[in-house]
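# Residue-level structure breakdown
For reference, the chains in residue letters:
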Amino acid sequence: MQYSTQLLDHFHYPRNVGYIDNKGAQALVSSGNAGETHSGDSVQLQLQVDAHGVIIDVKFKAYGCGPTIATMSLLTELISGKSVEQAQQIDSQQLIDGLQLPAVKYHCASLALQALHEAVKQ
């Protein structure tokens, strides 16, 4: 399967990987999980949101295929510095187009957005 340059870049050099240290944080930290490790892909997304509802830090962990990792990386770039409301407006097509995901990998975009929506619920 041929992957785009953008996808390969986010896979080989993922942005915002890790965990947010919640100790002493002055802003709310929430997390969302999606997928299941026993069936393939699993992701965790953490958001740190300030008192104005702006995402000031975002981190992720992903276990699965390259497109899953790349999709989470792109999502973190798209939502960083945005309000929670703006982040919720991101749709799967933006992730699909941004990485030129092949049709068989569209589920990776859905997985990323599930984690985002789960984190926002908190």
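Before any of the text, the structure's been laid out above.
Residues numbered from 1 in each chain as written. Predicted model: local features only at pLDDT ≥ 70, side-chain atom pairs only at ≥ 80, totals over all residues. Heavy atoms only, no water.

### Points about the sheet that holds strand E1 (residues 28–35)
We apply this condition: A pair of strands is considered paired only if DSSP assigns at least 2 bridges between the two. Each helix is a run of H or I in the DSSP string that is no shorter than four residues. Each strand is a run of E no shorter than two, and both are numbered from the N terminus. As a rule, the C-alpha atoms of each element are fitted with a line to give its axis, helices using only the stretch in contact, and angles between N-to-C directions run from 0 to 180 degrees.
Taken in spatial order, the 3 strands line up as E1-E2-E3 in an open sheet, and their pairing is antiparallel. Each edge of the open sheet is held by one strand with a lone partner, namely E1 and strand E3 (55–63). Looking at each pair of strands side by side, their axes are set apart by 15° on average, direction ignored. The pairing of E1 with strand E2 (residues 42–49) spans 8 bridges and is classified as antiparallel.

### Here we look at the pairing of E2
Short version of the rule: The rule is simple: take the accessible area with a 1.4 Å probe, protein chains only, and divide by the maximum for that residue type; under 20% is buried, over 50% is exposed, in between is partly exposed.
The buried fraction of E2 amounts to 8 of the 8 residues, a majority that puts the element mostly inside the structure. By the alternation rule, side chains of E2 split into Ser42, Gln44, Gln46 and Gln48 and Val43, Leu45, Leu47 and Val49, which are all buried. Sheet topology places E2 next to E3; 8 bridges connect them, and they run antiparallel. Across the sheet, Val49 pairs through a bridge with Ile55, a residue of E3. Remark: 5 residues form the turn of the hairpin made by E2 and E3, two consecutive strands paired antiparallel; Gly53 in that turn has positive phi of roughly 80°.

### Section: the environment of Val29
Topologically, Val29 is positioned in strand E1. Along the backbone, Val29 and Val84 are 55 residues apart, and their C-alpha atoms lie at a distance of 12 Å.

### A short note on the side chain of His10
Here is the rule we go by: Here a polar contact means two N or O atoms within 3.5 Å. Within protein one must be a hydrogen donor candidate and the other an acceptor candidate, and residues neighboring in sequence count only if both atoms are side-chain atoms. When checking whether two residues touch, look at their non-hydrogen atoms; a contact exists if any pair is within 4.5 Å.
By the secondary structure assignment, His10 is in helix H1 (residues 5–12). Classification of His10 by relative accessible area gives buried; the value is 6%. Of note is the side chain of His10, whose polar atom sits 3.5 Å from the side chain of Arg15. Only 2.7 Å separates the side chain of His10 from the side chain of Ser73, close enough to count as a polar contact. Residues in contact with His10, not counting those within four places in the same chain, are Arg15, Ile69, Ala70, Ser73, Leu74, Glu77 and Leu99.

### Regarding the state of the cysteines
Basically, it comes down to this: For this text, the term disulfide refers to a pair of cysteine sulfurs within 2.5 Å.
Tallying each qualifying case throughout the model produces 0 disulfides. Of all cysteine sulfurs, the one in Cys108 lies closest to Cys65, which takes part in no disulfide; the gap is 3.9 Å.

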